[in-house]
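Tertiary structure, described
Listed here are the chains, written in short residue letters.
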Amino acid sequence: MTTHNLRNPTAFRILIVDDIHEILLQKLRDANVSFLYRPDIDKSEASGLISDFNGLVIRSKFQVDASFIDQATNLQLIARAGAGTDNIDDHYAKEKNIQLFAANQGNCDAVGEHMIGMLLGLMNNLNRADRQVRAGSWLREENRGHELNGKTVGLIGYGHNGRAMAKKLSGFDVRVIAYDKYKWGFTDTYAQEVSMEEIVRQSDILSLHVPLTRETNNLVDQEYLSHFRKPIYLLSGARGPIVHIPAVLDALYQNSIIGAAFDVLPVEKFPELGAQTWYQQLIKEDRIALSPHVAGWTVESYFKLADILADKILSYLRENQYN
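Residues numbered from 1 in each chain as written. Predicted model: local features only at pLDDT ≥ 70, side-chain atom pairs only at ≥ 80, totals over all residues. Heavy atoms only, no water.

**What to know about the sheet that holds strand β11 (residues 257-262)**
Across the sheet, seven strands lie side by side as β8-β7-β6-β9-β10-β11-β12; this open sheet has parallel pairing. A single partner strand is all that each edge strand has here, and the edge strands are β8 (192-193) and β12 (288-290). Note that strand β6 (residues 152-156) and strand β7 (residues 175-179) share five bridges and pair parallel. When the bridges of β7 are listed, Thr152 appears paired with Arg175. Lying on the sheet, helix α10 (residues 245-253) is in contact with β10 (232-236), β11 and β12; it crosses β11 at an angle near 145 degrees. (Pairing = 2+ DSSP bridges. Helix = DSSP H or I, 4+ residues; strand = E, 2+ residues; numbered from the N terminus. Contact = heavy atoms within 4.5 Å. Axes fitted to C-alpha atoms, helices over the stretch in contact; angles between N-to-C directions.)

Next up, the structure:
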């Protein structure tokens, strides 16, 4: 998208507190928008500066909570270079008439490809087989895999990420069904809209594509998993707290979950992750694949997230007569 110069370059100031692709900075410069780029800044320092700014650009560096927003007396927009705004107190921000933007479209392809890669790895025992061959074992029968062909994939959530996942699955000759509490009439070429009852009845694979909210926190718990009619593969690439890890481990031991892939966990980064009571059980399981919250973080998505966010910011400024 072509950027448009703003007639009042000093009328709107943006604080950028996270590392971000140069394309966002360049588009702001081209439009004569004033910004301070401080990817090294911490929350304490940002709190002391934010009252001088009208906009904030962030990824996941810190929580933009009510106390931070109270310091931001001139803030009009918060733009997050990622999918969703769950590290922002969105309810309080809206009470303060602060506009929120995310760039969900920017990493949905990356997430879809990554989670399918994790699923194929699980179904074909790739991590285990790799370790065995490196250790001098050549075990063919023990690593016999399963094909995706003919399986039913159930998606929870059919926004940008859910639809991208469905589209990428379309070449695998699978049936894709989807449930979204907040959307209806979305059946398309890639997925069929169904009820949650149909998801738990028909799915061979369950993939999560919902934001973290009060409703989705611990959505996948022991009670929820008990409703599935057949053993499933579980893919968790949305937000960690959506899944109750001990419940998944229990289901794995009971063989009602065949395998699980986690790009996100309820607690992330060390040493906090290593201190969780379930962590040692998790890492011992060959039927579990793990990655460090990188599904949406590719070379290409790094560019796309910033590019899309820049266009949204500039569109907001034009619409609000800063142009």
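**Looking at α10**
Since one α-helical turn is 3.6 residues long, residues separated by three or four positions face the same way. Buried residues of α10: Ile245, Ala247, Val248, Leu249, Ala251 and Leu252, and no others. For α10, the elements touching its buried residues are α9 (222-225), β10, β11, α11 (279-284) and β12. Phi turns positive, to about 65 degrees, at Asn255, one or two residues after α10. (Buried < 20%, exposed > 50% of the residue type's maximum accessible area, 1.4 Å probe, protein only.)

**Brief notes about the confidence of the model for the protein**
In this model, the protein carries an average pLDDT of 94, and 97% of its residues clear a pLDDT of 70 or more. Note that pLDDT drops below 50 for residues 1-7; the model gives that stretch 20 contacts with residues more than four away or on any other chain. (pLDDT = per-residue confidence, 0-100.)

**Some remarks on the sheet that holds strand β1 (residues 13-16)**
What the five strands build is an open sheet, ordered β2-β1-β3-β4-β5; its pairing is parallel. The outermost strands of the open sheet, each flanked by one partner alone, are β2 (34-37) and β5 (99-102). Between one strand and the next, the sheet's axes are offset by a mean angle of 15 degrees, whatever the strand orientation. Bridge count for strand β4 (residues 77-80) against β5 is four bridges, and the pairing is parallel. What sits directly across from Ala79, in β5, is Phe101. Where helix α12 (residues 299-319) meets the sheet, its contacts fall on β1, β3 (55-58), β4 and β5, and the angle it forms with β5 comes to roughly 155 degrees.

**Brief notes about the pairing of β3**
Judged by which residues are buried, β3 turns out to be covered on both faces: Gly55 and Val57 on one side and Leu56 and Ile58 on the other are all buried. Bridging between β1 and β3 involves three bridges; their strand directions are parallel. Residue pairing for β3: Ile16 is matched across the bridge by Val57. Read from β3 through helix α3 (residues 66-71) to β4, the crossover connection turns out right-handed. (Right-handed = clockwise from strand over helix to strand, strands pointing away.)

**Quick word on the pattern of salt bridges**
In the structure shown here, the tally under the stated rule is 20 salt bridges. Of the charged contacts in the structure, one is a salt bridge between Asp65 and Lys43, with a shortest N-O distance of 2.9 Å. Here the residue Asp65 occupies a position in the loop between β3 and α3, and Lys43 occupies one in helix α2 (residues 43-49), the gap between them amounting to 22 residues. Owing to a relative accessible area of 25%, Lys43 belongs among the partly exposed residues under this scheme. When the shortest N-O distance is used, the salt bridge between Asp188 and Arg163 registers 2.9 Å. One end of the pair, Asp188, is in the loop between β7 and β8; the other, Arg163, is in helix α7 (residues 160-169), and 25 residues separate them in sequence. Accessibility expressed as a relative area gives 24% for Asp188, which makes it partly exposed. (Salt bridge = Lys/Arg side-chain N within 4 Å of Asp/Glu carboxyl O.)

**Things to note about the packing of helix α1 (residues 22-30) against α12**
One way to put it is that α1 packs onto α12 with a least axis distance of 7 Å and a crossing angle of 25 degrees. Comparing the axis directions of α1 and α12 gives the class roughly parallel. Our pair here, α1 against α12, has a crossing hand that is right-handed. Contact with α1, carried on its side by Ile23, Leu24, Lys27 and Leu28, involves Phe303, Ala306, Asp307, Leu309, Ala310, Asp311, Ile313 and Leu314 of α12 and no other residues of that element. Split into classes, the residues belonging to the contact of α1 with α12 amount to nine nonpolar, no polar and three charged. (Parallel < 35°, antiparallel > 145°, perpendicular 65-115°, else oblique. Left-handed = near helix turned anticlockwise from the far one by under 90°. Nonpolar A, V, L, I, M, F, W, Y, C, P; charged D, E, K, R; others polar.)

**Focus: the environment of Arg59**
With respect to the helices, strands and loops of the structure, Arg59 is situated in the loop between β3 and α3. Taking C-alpha positions, Arg59 is 8.1 Å from Val17, a pair spaced 42 residues apart along the chain.

**Considering the packing of aromatic side chains**
Using the criterion set out here, one finds seven aromatic pairs in the structure. The interplanar angle of 75 degrees and the centroid separation of 5.5 Å between the aromatic rings of Tyr224 and Phe228 together place this pair among those described as edge-to-face. When sorted by exposure, Tyr224 lands in the same class as Phe228, which is buried. Taken together, the aromatic side chains of Phe12, Phe101 and Tyr316 make up a single cluster linked through ring pairs. Cation over ring: Arg13 sits above Phe53, and NZ or CZ is 4.4 Å from the ring centre. (Phe/Tyr/Trp six-rings, centres within 6.5 Å; stacked < 30°, edge-to-face > 60°. Lys NZ or Arg CZ within 6 Å of the ring centre and 35° of its normal.)

**Digging into the environment of Phe62**
The residue Phe62 is located in the loop between β3 and α3 in this model. On the basis of relative accessible area, Phe62 is assigned to the buried category, the value being 8%. Linking Phe62 and Val299, residues 237 residues apart in sequence, is a C-alpha distance of 23 Å. Apart from the residues lying within four places of it in its own chain, the contact partners of Phe62 are Val17, Asp42, Lys43, Ala46, Phe68 and Asn87.

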